[in-house]
Amino acid sequence: MDDNVILKLTDVVKTFPGVRALDGVQLEVRAGEVHCLLGQNGAGKSTLIKVLAGVHRPDSGNVEWLGKPVEFANPQAAMRAGIATIYQELDLVDGLSVAENAFLGHEPRRLGFIRRGETARRTREILGRLGHAEIPARRPVHRLPSAGKQIVSMARALSHDARLIIMDEPSAVLAHDEVGNLFRIIRELTAAGIAVVYISHRMEEIREIGDRVTVLKDGRTTAAGLPARDTPTRDLVTRMTGRTIEYVFPDRVHADAGTAPLLDVTGLTRHGEFADVSLTVRPGEIVGIAGLVGSGRSELLETIYGARRADAGTIRVGGRALRPGSVGSAVRAGVGMAPEERKSQALLLDEPIYRNVTLARFARFARGGFTRAGAEASASADVAARLDLRPPDVRRPVRQLSGGNQQKVVVGRWLVGTAARNDSPEDQDRFGGTPTRLLILDEPTRGVDVGARSDLYQLIRDLAAAGLGVLLVSSEVPEVLGLSDRVLIMREGSVIREAPGGELDEEAVLDMIMAGSLTTGALAAETDTTGTTEGEAA
Amino acid sequence: MKATTTADPGAHPVAKTDGGASLRRWWTSESNEFAGRNLGLLGVLVVLVIIGAVTRPDLYGDPEWVRNNVFTILQQASAIGVVTVGMTFVIIGGGIDLSVGAIMALAGVWATTLATQSYGPGGMIFTAIVVGIGAGLVNGLLVSYGRLVPFIATLAMMVAARGLAASISGKQTQISQSAVINDIATTKILGVPLLIVILALVVAAGWVLLNRTTFGRRTIAVGGNPEAARLAGINVRVQTLLLYGLSGLCCGIGAIMLTAQANSAQAAMANLYELDAIAAAIIGGTLLSGGRGTIIGALFGVLVFSTITNLFAINGLSTESQNMIKGGIIVAAVLIQQFRFGSLTKLFSRTAKP
Amino acid sequence: MIQDNSRRRLLFGGAVLGAGALLTACTSNEAGPTTAQTKGPEGDNANAAAGKAVTIGFSAPAADHGWMAAITNNAKAQAGAYPDVTFTSVEAGADAAAQRAALDTLISQKPDAIVMLPHDGKELTASGLKAMQAGIPVINLDRSFTQALAYRVMIKGDNYGMGVSAGNFVVAQMKAKGVTNPVIGEIAGIDSLELTQERSQGFKDALATAGFTVANRRAAEFTVDSGQREATNLLQALPKMDALWNHDDDQGIGVLAAIKQANRTEFIMIGGAGSKAAIESIQKDDTVLKATVTYSPSMASSAISLARLVAQGRGLSDLVELSVPKDITLSSETITKENAANYLQLGF
């Protein structure tokens, strides 16, 4: 068996100022296997990947590659040695074509001139191998949807003749049917003897594609080389969290059906995105929207929030119509939103946590235009305690938080006004604005690890129980079904079904949202690129 | 943003929460970071003064002369310093303003036409400030509502404002007849020249505005992540508009100061002030991409430039070499800032280990 | 409420006042050239009589400076003084390329002569050649071409001579005062220009005849604020000074402001170019400015006159030659309190 081991890490340690990101990692990857890496956000996965990819150099410990100790000076060195990495936030150059991206840095050339025809030909060949010959090699990548970009990233890895490919949450940006294709590609790669290090938060994927699992916790390996299919979930979760929490949804507390709707949307339309959508959310009710990427669900949320202007239809909150296309109007009416892309749409990563928490409310804390950092920090600390934010130090930059905790900051942003409202009577006079009554959550658990997810689910339930209306979108059908009192199913810009959450099962929903959508259906929708580049620190 | 050496006056009950101890640590560590940057610039200033003292001991031997020279350096930094405060706001807010020099010229020229001068010094100051704000708001409108790239919008303003200034002045130098205006350059308050007092007031106001007001907070949010700011309900366009207006206001104030110093105004004045202001803001630690910056650092940046000019003058060295050194200082200051003290200590600890 | 009202009224009043100032700004300061800088067809000069009607094209860089503005104004006014001259002016824009383009347009209109002040003599030699080859005589104003074929007449000031005049004045004054080892300062114009170098060289050479040297030289940018800045620093560098030459009277406004602000009176100052304000100040003798050495924009008026003569095929009537000479260099004169009255009319 040992002959098969191509990568072996022993006691790898990597520290950053103030953080011990890796604290003795063991990892053993064999040729031709899919080796899954599990761990909560902040467990050190990202750092480990960067060590393997030559971005970081370990402080101590050994990395053996093909039987020899190595230390990669830079990413190019790692790539030349045969280790390719596909990052979660794809590192493609938007202005360059698919082929140019695939061969970036090692373009076929003659006499110093790039052989464009040869580059395109070899790219087509690789795309064919990946089952995506339909992607035009000369198209600029910014015109591809996320899934297409991922294929290009993979093509880049293959263009290097890599013997080990690291995939950091490759399924996070993929629609359901695309994941199947991804797995097909992975199987082909492993059949050819290429090893894959696969990182995902989705247990079912690990079961399906993985051979062995290594679990990280707090920068340390807590289990190495467990069989991916047979190890009980409870076991894995325990090793990740030290707790034995399952993917548990809290019990529903049904909202009183008699109350007047808090949010009342009628005939909302944005040409080319969604048409004639009507929905209501009552106080204390959680309404979930299930649909594929490109079904118009995120666009719908943003339009309700005022971030996009509707072509037709009305949005009423608490009986009063919102000004179309005005976020300010929605916020003043007590609507809050946690957008899909936390880093690029919601957070000031270098600013302290408390300033992110109060981003929508700091003016209410201010006196005569002067901000009161102390009051903000204090109110934020209360919110942090309420949401079990870790670490609870609200003066740290948000960048240092894990994905789940960053999400808590974004949700907490809409609670801080109400929290402070309860704080002291003298503050109440100044809080002229309405506290948040309706929370819009777009993919609230994307990139959030299992343990933190349960916390978020509980939080969302608690908020609803406290009287908030919640409107949420998630790519994970079980999440929508498990959380929502009522579920709307969207396909191609229309709501095709509405039902109480308990009455639907996952397969029925998947059938509905995917019916009629072709394999390339999800690819047809062009999605915005994310603007962030930093991986999560530590 | 050098913010934080003193405790926030409003920062009362926080300490009671669980994060109290670490809160204070954060304050200190954050202020250390910025203090470190500013210390670097302060070090550059000290080095420059030492070079001056070594090369011209005859001059530096006279305390009266030294005091005068300090005032000279500060006075020469005053107008550009005021403009740099506005520029720092614009850059932190994610923009850039290439038109500051041109707006100063326009405001100065408009304030010194015979017609304006007939309204007396009050009318002149009012005119300069209104013209400055007006031109700044036009920039802001073009950027926020016209959706022009700031570089292009303010480049257009730079060309247009100088053109308008030239046409108003008939391409002539306009002498300021107002003794009140001209005396701004000579008046002293408690022994400190008025120009320096104005600079100090503008810097202090800028610091408070950036670090202690909702306006400043919005500026940082809009520059740091405009999408996040928008989705948090901040009116990004209005904020952008106001930022350029603020820069224009600073230009108006600077124009009066410069007019007072030169006893006149002309369309060609304040030449390349935009580049000096941007350079000063950047070496002061302001991120060109927005979202982060310090007023005090920018002030230090201006002082470094002003001191270099003075140093070269008292040594009778040529302007060419002065400009070369200036370029070198910009690069060196930014390099020093990027060099983290943490990595230094780590380097030592690593080499210390066998 | 009352307080509120009064504040509002004050604000309103201020706004009205300011609005008035803002509005009037547009209509003020149309500073026309002083008529004395032109010379009409007068007296019994044979050339005064109207000749054949000619069109004179004119091109000079966009003026951002008093001297350059005076050049354009003088040319226009001088042409206006001749009934037989039609004047066509093209804006030369901001750089040599723009001026080339403007000249192409001008050449295609086939004027009888072209007067041009090039942005840069080297870069516009080709345009001069083109015009000459098209049969249009070119009168080069102040900035020489690299080829003699590119112009018919060259009229220019004497930059080196300016420095010499200033230097000679300093030497004479120092000798009169009995200062043997004077501290001399110099505020130059834009340092990268050849004319600045020539002026400084002339100044240096003239001083050298008496064994004097320049103690400190700062280069400004021909603008008032740069003049103030450089002068302030120069005064710091030289706590005691005997003489100061400033190349340009326009930036000299800033230099004088700096001197006033520093309360310095112990030295004499010499200006350059000969602006009206400077000449008046010399006449009044109320500042340290005791003299200025000319580089007069009146040469633009002369250039128009020469263009007219060339186009009409006439010569300078006092000379024996039948046509206008090819090169004319104006001498740089020294204006002092004594002769200021004579020169006042030439000030710009």
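Everything numeric here is computed off the predicted structure, so don't read it as measured data.

(A) Here's a closer look at the overall build of chain B. When its secondary structure is counted, chain B shows 16 helices and four strands. The buried share of chain B, taken over its 354 residues, is 57%. Taking the intrachain contacts of chain B between residues at least 6 apart in sequence as the baseline, contacts between residues at least 24 apart amount to 79%.

(B) Molecular detail of the confidence of the model for chain B. All names here are of chain B. Taken as a whole, chain B shows an average pLDDT of 85; of its residues, 84% reach a score of 70 or greater. When the criterion is pLDDT under 50, residues 1-31 qualifies, and its contacts beyond four places in sequence or with other chains add up to 50 contacts. A low-confidence stretch, residues 340-347 stays under pLDDT 50, and its non-local contacts, those more than four residues away or across chains, total two contacts.

(C) Layout of the packing of helix α9 (residues 194-212) of chain B against helix α10 (residues 214-224) of chain B. All names here are of chain B. Contact geometry for α9 and α10: axes closest at 5 Å, N-to-C directions at 70°. Of the possible angle classes, the one that applies to α9 and α10 is roughly perpendicular. Judged by residue contacts, L209, L210, N211 and R212 of α9 engage F215, G216 and T219 from α10. Of the residues assigned to the contact of α9 with α10, the class counts are three nonpolar, three polar and one charged.

(D) Here's a closer look at the pairing of strand β6 (residues 184-188) of chain C. All names here are of chain C. Across the five residues that make up β6, a large majority, five, are buried. Of the two faces of β6, both are covered, the one formed by I184, E186 and A188 as well as the one formed by G185 and I187. Relative to strand β7 (residues 214-219), β6 runs parallel, the two sharing five bridges. The residue bridging I184 from the neighbouring strand is V214, located in β7. Regarding topology, helix α6 (residues 194-208) serves as the crossover connection from β6 to the parallel β7, and that connection is right-handed.

(E) Seen up close, helix α4 (residues 116-129) of chain A. All names here are of chain A. For α4, with 14 residues, the first-to-last C-alpha span of 20 Å sits near the 20 Å given by 1.5 Å per residue. Residues of α4 that are buried: T119, A120, R122, T123, I126 and L127. In this fold, the buried residues of α4 make contact with α3 (98-102), β8 (113-114) and α5 (146-159). Note on α4: the residue one or two positions beyond its end, G131, has a positive phi of about 75°.

(F) Fine view of the environment of L48 of chain B. Looking at the element boundaries, L48 of chain B is found in helix α1 (residues 20-55). Spatially, the C-alpha atom of L48 of chain B lies 38 Å from that of N225 of chain B, the residues being 177 residues apart in sequence.

(G) Examining the confidence of the model for chain C more closely. Residues and elements named next belong to chain C. Taken residue by residue, chain C gives an average pLDDT of 86. The fraction at 70 or more is 87%. In the model, residues 25-33 has pLDDT below 50 throughout and makes 23 contacts with residues more than four positions away in sequence or in other chains. Scoring the predicted complex yields pTM 0.77 and, for the interface, ipTM 0.83.

(H) Representation of the nonpolar core within the structure. Of all hydrophobic cores here, the largest spans 287 residues; its most connected members are M104 and L106 of chain B together with V115 and I139 of chain C. Contacts of V115 of chain C, omitting those with residues within four sequence positions, involve I56, F58, A75, I139, L141, A303, I304 and A307 of chain C. In terms of nonpolar packing, the next biggest core, distinct from the first, is built from 72 residues, A43, A78, I126 and V215 of chain A among them.

(I) Seen up close, helix α3 (residues 63-92) of chain B. Residues and elements named next belong to chain B. The largest bend in α3 amounts to roughly 45° and is located at S78. Within α3, 22 of the 30 residues are buried, which leaves it mostly tucked inside the rest of the structure. Of the residues flanking the end of α3, it is G94, one or two places downstream, whose phi is positive at about 90°.

(J) Looking closely at the interface of chain B and chain C. Every contact between the two is made by 43 residues of chain B and, on the other side, 42 residues of chain C. Sorting the residues of the side of chain B that touches chain C by element identifies α3, α5 (114-117), α6 (120-144), α7 (150-169), β1 (174-175), α12 (236-262) and α14 (295-314) of chain B as the ones contributing at least two each. Residues of the side of chain B that touches chain C, tallied by class, amount to 20 nonpolar, 22 polar and one charged.

(K) Looking closely at the pairing of strand β5 (residues 153-156) of chain C. All names here are of chain C. Neither face of β5 is exposed, since V153 and I155 on one face and M154 and K156 on the opposite face are all buried. Relative to β5, strand β4 (residues 138-141) is paired through three bridges, and the arrangement is parallel. Following the sheet pairing, I139 is matched in β5 by V153. Pairing of β5 with strand β11 (residues 327-329) involves three bridges; the strand directions are parallel.

(L) Representation of the sheet that holds strand β19 (residues 438-442) of chain A in the model. All names here are of chain A. Spatially, six strands are ordered β18-β19-β20-β15-β21-β22 in an open sheet, and the strand pairing comes out mixed. Every interior strand has two partners, whereas the edge strands, β18 (335-338) and β22 (494-500), have only one. Each strand axis lies, on average, 15° off the axis of its neighbour in the sheet, ignoring direction. Sheet topology places β18 next to β19; four bridges connect them, and they run parallel. Residue pairing across strands places A338 opposite L441, the latter belonging to β19.

The rules behind these values
- Residues numbered from 1 in each chain as written.
- Chains lettered and ligands numbered in written order.
- Predicted model: local features only at pLDDT ≥ 70, side-chain atom pairs only at ≥ 80, totals over all residues.
- Helix = DSSP H or I, 4+ residues; strand = E, 2+ residues; numbered from the N terminus.
- Buried ≥ 20, exposed ≤ 12 C-beta atoms within 10 Å, placed from the backbone.
- Contact = placed C-beta atoms within 7 Å.
- pLDDT = per-residue confidence, 0-100.
- Axes fitted to C-alpha atoms, helices over the stretch in contact; angles between N-to-C directions.
- Parallel < 35°, antiparallel > 145°, perpendicular 65-115°, else oblique.
- Nonpolar A, V, L, I, M, F, W, Y, C, P; charged D, E, K, R; others polar.
- Pairing = 2+ DSSP bridges.
- Right-handed = clockwise from strand over helix to strand, strands pointing away.
- Expected span 1.5 Å × (residues − 1).
- Core = buried A, V, L, I, M, F, W, Y, C linked by C-beta atoms within 7 Å.
- Bend = angle between axes of the 7 residues up to and from the residue.

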